[in-house]
Amino acid sequence: MYTALQHAHSGLRWVVLVLLVAAILKATNKRRGGSVYPGKDKLALFAMISVHVQLLLGLILYLWLSPYVQWQGDIMGQEIVRFYTVEHILGMLIGIAFITIGYSKAKRQVELNVGWKTIGRWYFFGLLLILLSIPWPFRVGFDAGWF
Ligand code: HEM
């Protein structure tokens, strides 16, 4: 159960990253095109759903399964424990909040171009926080994989 969820959570990062980049590129292309944001752009919607699925898998790992999340002992002194118990969840929660806020703001904007700009900006900063909070294999101290 633990290994399956860990792999699902790890692999799904690529779906999240591809969908976010695609949604941002589409919004950037459209932001001067003189069109009204359609309220429920499919790409923006699927990107938001993918981060919410990550949130759900992450919460299950965080609350019940991961040996790296600890509440006792020297949490801040152990790099991996501190990363998963504090930094990863915090960065991801803020990033996911950015994407959710962007999606729901844009939905209500009926002026030309405005909704596209909103998606572009909020999704961009959300993506940045997510990229910074991923335990990439090249970051010192983690033995997390690419998939
Ligand atoms: C878009 C959001 C997220 C992405 C892209 C993401 C990505 C990742 C990646 C790549 C790993 C490393 C997996 C490996 O060992 O190879 C990981 C681990 C982990 N993530 Fe996330 N994560 C996200 C959100 C969250 C959230 C919101 C939480 C907590 C509520 C969370 C909790 C965890 C935990 C506890 C681990 C360690 C699992 C383990 O190996 O024991 N993640 N995450």
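This text goes with the structure placed above it.
Residues numbered from 1 in each chain as written. Predicted model: local features only at pLDDT ≥ 70, side-chain atom pairs only at ≥ 80, totals over all residues. Heavy atoms only, no water.

Looking now at the layout of surface pockets. The computed volume of the largest pocket comes to approximately 730 Å³. His9, Leu61, Tyr84, His88 and Pro135 are, among the 31 residues lining the largest pocket, the residues nearest its centre. For the lining of the largest pocket, the secondary structure elements donating two or more residues are α1 (2-30), α2 (42-65) and α3 (79-107). Here the lining of the largest pocket takes eight residues from α1, the largest share from any one element. (1 Å grid on protein atoms, 1.4 Å probe; cavity = no way out; pocket = protein on both sides within 12 Å on 5 of 7 lines; lining within 4 Å. Points joined across faces, edges and corners; volume = space filled by probe spheres on them. Helix = DSSP H or I, 4+ residues; strand = E, 2+ residues; numbered from the N terminus.)

Taken together, His9 (NE2) and His88 (NE2) make up the protein donors of the iron atom of the ligand, found 2.0 to 2.1 Å from the metal. Coordination at the iron atom of the ligand is octahedral, judged from the six donor atoms that bind it and the angles of 85 to 179 degrees they form at the metal. Note that His9 is positioned in helix α1 and His88 in helix α3, a separation of 79 residues in sequence. Overall, the relative accessible area of 18% leaves His9 in the buried class. A residue is classified by how much of its surface remains accessible, and His88, at 14% relative accessible area, is buried. (Donors = N, O, S within 2.8 Å, 3.2 Å for Na, K, Ca; no water. Tetrahedral: all angles 85-135°; square planar, octahedral: opposite > 155°, others 65-115°. Buried < 20%, exposed > 50% of the residue type's maximum accessible area, 1.4 Å probe, protein only.)

All right, on to the packing of α1 against α2 then. Angle between the axes and distance between the axes are the two parameters that describe a pair of packed helices. At their nearest, the axes of α1 and α2 sit 8 Å apart, and the two run at 155 degrees to each other. Taken together, the axes of α1 and α2 are roughly antiparallel relative to one another. For the pair α1 and α2, the sense of crossing is left-handed. Here the residues of the contact of α1 with α2 are counted per class, giving 19 nonpolar, five polar and two charged. (Axes fitted to C-alpha atoms, helices over the stretch in contact; angles between N-to-C directions. Parallel < 35°, antiparallel > 145°, perpendicular 65-115°, else oblique. Left-handed = near helix turned anticlockwise from the far one by under 90°. Nonpolar A, V, L, I, M, F, W, Y, C, P; charged D, E, K, R; others polar.)

With that settled, the discussion passes to unusual backbone geometry. The backbone phi angle of Asn113 is positive, close to 70 degrees, even though this residue is not glycine. Among the structural elements, Asn113 can be located in the loop between α3 and α4 (114-133). On the basis of relative accessibility, which here comes to 15%, the residue Asn113 falls in the buried class.

On the surface, Lys40, Lys105, Lys107 and Arg108 cluster together into a patch of positive charge. Relative to the assigned elements, Arg108 resides in the loop between α3 and α4. (Patch = residues over 30% accessible without salt bridge, like charges linked within 9 Å, V, L, I, M, F, W, Y side chains within 5 Å. Areas by Shrake-Rupley, 256 points an atom, 1.4 Å probe, with all protein chains shown as cover. Salt bridge = Lys/Arg side-chain N within 4 Å of Asp/Glu carboxyl O. Lys, Arg positive; Asp, Glu negative; His and termini not counted. Charge placed at Lys NZ, Arg CZ, Asp CG, Glu CD.)

So, about the site of the ligand. As a matter of local geometry, the ligand sits amid 23 residues, with Tyr2, Gln6, His9, Ser66 and His88 nearest to it. Between the ligand and His9, the relevant distance is 2.7 Å, taken from a nitrogen atom to a side-chain nitrogen or oxygen of the residue. A distance of 3.4 Å separates an oxygen atom of the ligand from a polar backbone atom of Gly145. Under a 2 Å grid-point criterion requiring more than half of the atoms, the pocket assigned to the ligand is the largest pocket. Here the shell around the ligand takes six residues from α2, the largest share from any one element. (Near = heavy atom within 4 Å. Polar contact = N/O pair within 3.5 Å; in protein donor to acceptor, adjacent residues only side chain to side chain. Sits in = over half its atoms within 2 Å of the grid points.)

Within the largest apolar cluster, 24 residues are counted, with the highest numbers of intra-cluster contacts made by Leu20, Tyr37, Val51, Ile99, Ile119, Tyr123 and Ile130. Where this core is concerned, the elements lending two or more residues are α1, α2, α3 and α4. The element that contributes the greatest number of residues to this core is α1, accounting for seven residues. Those residues in contact with Leu20 that sit more than four places away from it in its chain are Ala47, Val51, Ile99, Tyr123, Leu127 and Ile130. (Core = buried A, V, L, I, M, F, W, Y, C linked by side-chain atoms within 4.5 Å. Contact = heavy atoms within 4.5 Å.)

Honestly, it's all geometry; don't read function into it.
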